[in-house]
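Listed below, chain by chain, are the residues.
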Amino acid sequence: RLISPKLICFYPRLHHANVEIRTAFLDQTLLSIIQTISSSGKKKKIRFLCMGSGYDPRSIKFLERDLVEECWEFDLPSVVEAKEQLYRSKRFRKRRPWLNMIPDDAMENGEEKKAGNIEKKTLIERLH
């Protein structure tokens, strides 16, 4: 057995609690770094790189909040394919329709950004 009989009653909740604590810590730390970079006064593009991302939705959350310009996720090919399939599903698109729309920042000074200047991309297209 991997889990002691004394601890088995805690296992599902204990595991989820560990994931929640890890997620909160990483989110808080990354947000602090992003805010430090953003408050430097200079306009900088922030690109988020996540190694071994699994099913972690952090990239989508950061794109939705417009905290980063683009996100790059790396994982095993089977995990990447499964996540892409999840993002293409009707259920996911129904729950998050804004991921497939051009964000409001596609307008600059009241004029559309030209293709040669800054390419218009949906949030989901900004996830690589």
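Structural data are supplied above this passage.
A brief report on the enclosed structure follows. As the structure is a prediction and not an experimental result, all values here were calculated from the model.

## Points about the pattern of salt bridges
Moving on, step 1. Going through the model one piece at a time under the given rule, you end up with five salt bridges.
Moving on, step 2. The partner of glutamate 70 in a salt bridge is arginine 47, with the nearest N and O atoms 3.0 Å apart. Taken together, the residues span a long stretch of sequence, with glutamate 70 in strand β2 (residues 70-74) and arginine 47 in strand β1 (residues 47-51) at a distance of 23 residues.
Moving on, step 3. Here lysine 83 ties to glutamate 73 by a salt bridge, and the two come within 2.9 Å at their closest N and O atoms. Of the two residues, lysine 83 is situated in helix α3 (residues 77-88) and glutamate 73 in strand β2; the sequence distance between them amounts to ten residues. Each member of the pair lysine 83 and glutamate 73 is classed as buried.

## With respect to the nonpolar core
Moving on, step 1. Counting 13 residues, the largest nonpolar core has Phe48, Val68, Cys71 and Leu127 as its most contacted members.
Moving on, step 2. Elements represented by at least two residues in this core include exactly β1 and α2 (58-64).
Moving on, step 3. If one sorts the elements of this core by residue count, α2 sits on top with three residues.

So, how was this worked out
Residues numbered from 1 in each chain as written. Predicted model: local features only at pLDDT ≥ 70, side-chain atom pairs only at ≥ 80, totals over all residues. Heavy atoms only, no water. Salt bridge = Lys/Arg side-chain N within 4 Å of Asp/Glu carboxyl O. Helix = DSSP H or I, 4+ residues; strand = E, 2+ residues; numbered from the N terminus. Buried < 20%, exposed > 50% of the residue type's maximum accessible area, 1.4 Å probe, protein only. Core = buried A, V, L, I, M, F, W, Y, C linked by side-chain atoms within 4.5 Å.

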